[in-house]
Amino acid sequence: MYEAKPEHHFTFGLWTVGNIGRDPFGNPTRQPLSAPYIVHKLAKLGAYGVNLHDNDLIPIDATSGERDQILRDFKKALSETGMKVPMATTNLFGDPAFKDGAFTNANARIRGYAIQKAMNAMDLGAELGAKTYVFWGGREGAEVDAGSNTLNALEYMREAMNFLAEYSEDQKYGYKFALEPKPNEPRGDIYFPVVGAALAFIYTLDKPDLFGLNPEVAHETMAGLNFVHAVAQAIDAKKLFHIDLNDQKMGRFDQDLRFGAENIKQAFLLVKLLEDTGYTGMKHFDAHALRTEDEAGVWDFAKGCMRTYLILAEKVKQFHADSEIKALLEHYHFKDPIVSGLTAKFSRDNAANLKAHTFDRAALGARGPGLERLDQLTMEVLLGTR
Ligand code: GCO
Ligand code: MN
Ligand code: MN
């Protein structure tokens, strides 16, 4: 029961299970794990694949000989296990060169270097079979706004996105690009802080069809927003290209907790949204084991993410099959075909008839939608008492 299988499309980043437990106050608590070792371990746990930043695999200062050897070993692990690399991305935040941003840096040379690094990382991702390319602008932000009017940054970002989309097409890589918004951390303020902001930006690009979103639970939660609503908006716009699953307490530092570790009801509603709308993309766990853990804890963490998703998917089925919940939902979605016929589309007749229609305002205000009972039953499904 609840055993992860490749068909579930669960993925992890090399940087997630490979996280060595460093934080701003403390040294690493775990040894680094090699990429081939991670691939073998995740394959045994039933993951579909592993995602990477260029420098998770190939150190930024590797010689071309070193690069080739690392790639050979990594590809061997992939072919031995059948693991895929569905998503790739660029580390544009770790090196001091990017301390004041990469694509949005005020320095034209750094912008050029960032685009060059992204092209090389896209080459690497394509070589490994990746079809989704993520842009997480960790350093694309500011603490000091006096140097720029922000419009420069938006223009620079647009230039980079347009350039790299053309590069992908020119190379026939077939990438879809997923923008990953985050409100802050590591910068004081990051541009495109939330899903809605990134979504609006996409339509200002030359090739909006190539761009979508990679929303992350922790990121909207850090901004105090409802993640399920954000994902729904991305789905509505047909822009949910990828998703980063983890968990987060509101008002805390960026925690990257195990999926479902904190807010079970939200995790359930998220799984429900993804399952109900037939999301078939990658379910990527962008989280890491607690700094307290040893390597055994890392694999418990990885197993836990996938198992919780599968348990919640089972609860979604139970929710839909529950006849009392069904009745409550019917009560909640009150239907009136006559009124709906009038509001479905504007016509002069419909407008005139709607104006002439008599609504019993007092009765509308008096009717209870039954949400207390619905929420309680949802909790009882989750708590296992139904
Ligand atoms: C974070 C982000 C990153 C990105 C990753 C892939 O908060 O650090 O979530 O983990 O997802 O860089 O683009
Ligand atoms: Mn994150
Ligand atoms: Mn992420």
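Residues numbered from 1 in each chain as written. Chains lettered and ligands numbered in written order. Predicted model: local features only at pLDDT ≥ 70, side-chain atom pairs only at ≥ 80, totals over all residues. Heavy atoms only, no water.

With respect to the coordination of the manganese ion (ligand 3)
Distances from the manganese ion (ligand 3) to its protein donors, Glu180 (OE), Glu216 (OE), Asp244 (OD) and Asp286 (OD), fall at 2.0 to 2.2 Å. For the manganese ion (ligand 3), the 6 donor atoms in the first shell make angles of 82 to 177° at the metal, so the coordination geometry reads as octahedral. Between the two metal centres, the manganese ion (ligand 3) and the manganese ion (ligand 2), the spacing is 3.7 Å, with Glu216 acting as a shared donor. On the criterion of sequence distance, the pair formed by Glu180 in strand 6 (residues 176-180) and Asp286 in the loop between strand 10 (283-285) and helix 11 (295-321) is long-range, its members being 106 residues apart. No difference in accessibility class separates Glu180 from Asp286, as the two residues are buried. (Donors = N, O, S within 2.8 Å, 3.2 Å for Na, K, Ca; no water. Tetrahedral: all angles 85-135°; square planar, octahedral: opposite > 155°, others 65-115°. Helix = DSSP H or I, 4+ residues; strand = E, 2+ residues; numbered from the N terminus. Buried < 20%, exposed > 50% of the residue type's maximum accessible area, 1.4 Å probe, protein only.)

Here's the deal with the site of ligand 1
In the region of ligand 1, 13 residues are neighbours, and His53, Glu180, Lys182, Glu216 and Asp286 sit closest. In the environment of ligand 1, an oxygen atom lies 3.1 Å from a nitrogen or oxygen atom belonging to the side chain of His219. One of the side-chain N or O atoms of Asp244 is found 3.1 Å from an oxygen atom in ligand 1. Notes on ligand 1: free accessible area 330 Å², of which the protein chains cover 92%. Residues that form the shell around ligand 1 fall into these classes: 4 nonpolar, 3 polar and 6 charged. (Near = heavy atom within 4 Å. Polar contact = N/O pair within 3.5 Å; in protein donor to acceptor, adjacent residues only side chain to side chain. Areas by Shrake-Rupley, 256 points an atom, 1.4 Å probe, with all protein chains shown as cover. Nonpolar A, V, L, I, M, F, W, Y, C, P; charged D, E, K, R; others polar.)

As for the domain arrangement of the chain
By a frequent convention, interface size equals the accessible area lost on bringing the separate parts together. As far as domains go, the chain holds domain 1 (6-321) and domain 2 (323-383). Inter-centroid distance (C-alpha atoms) of domain 1 to domain 2 is 39 Å. In this assembly, 9 residues from domain 1 lie in contact with 9 residues from domain 2. Of the roughly 830 Å² buried where domain 1 meets domain 2, counting both sides, 69% is carbon and sulfur surface. Considering only the surface of domain 1 that becomes buried against domain 2, Lys265, Lys315 and Phe319 emerge as the three largest contributors, covering 62% of it. Inspection of the domain 1/domain 2 interface yields 1 salt bridge. With its nearest N and O atoms 3.1 Å apart, the salt bridge here joins Lys265 to Asp375. Seen at the junction of domain 1 and domain 2, the total is 3 residue pairs in polar contact (both at pLDDT 80 or more). Of all elements in the fold, only helix 10 (264-276) and helix 11 reach the threshold of two or more residues within the side of domain 1 that touches domain 2. Of the residues forming the side of domain 1 that touches domain 2, the biggest block, 6 residues, is contributed by helix 11. Taken together, the residues of the side of domain 1 that touches domain 2 sort by class into 5 nonpolar, 2 polar and 2 charged. (Domains from an automatic or database assignment. Contact = heavy atoms within 4.5 Å. Buried area = accessible area lost by both parts, 1.4 Å probe. Salt bridge = Lys/Arg side-chain N within 4 Å of Asp/Glu carboxyl O.)

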